[in-house]
Amino acid sequence: MEVAKPRSVSPWREAWRRYRRHKLALAGLIVLVAMFAAVLIGPVFWKVAINDIDFSARLTPPNWQHPFGTDDLGQDLLARMMYGGRISLAVGLAAMGMSILVGVTIGSISGMARGSVDAALMWLTDLFLSLPQLPLLLLLIYLFRESLKSVFGPEVGMFILIVLVIGGFRWMPVARLVRAQFFSLREKEFVEAARALGASTMRQVVRHILPNALGPVIVAGTIDVAAAIIAESTLSFLGLGFPPDVPTWGRILFDAKDQIDIAAFWALFPGAAIFFTVLAINFVGDGLRDALDPRRVM
């Protein structure tokens, strides 16, 4: 009698199976996909311009014509929320990409090097970790925003500056995480075998060590997206983010603060968008941590 061979399951399929068992992570993924779909596809169906002014409809509560109401200039808040969501999410993803790139590079070099190189890179990492982030964010934006605006324009210039500043202060945890992973993986048998077969250090890193260290990095990246969205919203709320005519979620909150007693809905919708997006990203990060951790039984 022929014995049936056990069916092989790919690592990514197994990770997806484990992820689906995390109910909050699955719900967070659904919310996140819905949020992205709303800000990307929503303007195709809701064609109201973000800067159309109608003083006769100023501070109108939510209704069929304006589902999220209007601001003090009569501008439609739903249209501005969808436009601002693109910028807030783009800032989060771009800052995450920058922090991952810098963190993986520094962590990889430090994890493979020994002696003075490792000590110097970790000293640099500890230095950045000890800096007060919010005051430095405010200072750097105050110093460089006008020069970047003059070169790239007000919207693109502020986008580049905010991404560089936020991403520049989020790479340190990733670097320390990658370094720790490299310290563990570089002594494993498969890396020792590759080294014995004459593999160069770069090949060991790219082919054998880094792919096995990506699980924790992906989890850290999802958390960085949430942190970047909060940082951008904080800067916009303080009036140091994008220009007033660029309605990010934080900027809409900033504009709503003086009318919150008579038009609470104006602040409610951008605040809820930030809250649910960050909460969903954190749940997704928890689910990825459980799904990509081979030591966790699910």
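Structure: see above.
From a predicted model like this one, the values you see are computed outputs, not experimental measurements.

J.: Report on the packing of helix α10 (residues 249–256) against helix α11 (residues 264–291), specifying residues and quantitative values.
T.: Here α10 crosses α11 at 150°, and the two axes come no closer than 8 Å. As summarised for this structure, α10 and α11 are arranged roughly antiparallel, according to the angle between their axes. Considering the relative orientation of α10 and α11, their crossing is left-handed. Here Trp249, Gly250, Ile252, Leu253, Asp255 and Ala256 of α10 come into contact with α11, specifically with Trp266, Ala267, Pro270, Gly271, Ala273, Ile274 and Thr277.

J.: Please provide a residue-by-residue account of the pattern of salt bridges, values included.
T.: Enumeration over the complete set of coordinates arrives at eight salt bridges. Between Arg179 and Asp118 there is a salt bridge, with its nearest N and O atoms 2.8 Å apart. Linking Arg179 in helix α7 (residues 172–185) with Asp118 in helix α4 (residues 116–130), this pair joins segments that are 61 residues apart in sequence. In this structure, Asp258 and Lys257 form a salt bridge, with 3.9 Å as the shortest nitrogen-oxygen distance. The exposure class of Asp258 is exposed, given its relative accessible area of 58%.

Criteria and thresholds
Residues numbered from 1 in each chain as written. Predicted model: local features only at pLDDT ≥ 70, side-chain atom pairs only at ≥ 80, totals over all residues. Heavy atoms only, no water. Axes fitted to C-alpha atoms, helices over the stretch in contact; angles between N-to-C directions. Helix = DSSP H or I, 4+ residues; strand = E, 2+ residues; numbered from the N terminus. Parallel < 35°, antiparallel > 145°, perpendicular 65-115°, else oblique. Left-handed = near helix turned anticlockwise from the far one by under 90°. Contact = heavy atoms within 4.5 Å. Salt bridge = Lys/Arg side-chain N within 4 Å of Asp/Glu carboxyl O. Buried < 20%, exposed > 50% of the residue type's maximum accessible area, 1.4 Å probe, protein only.

Bear in mind that shape data such as this cannot, by itself, settle questions of function.
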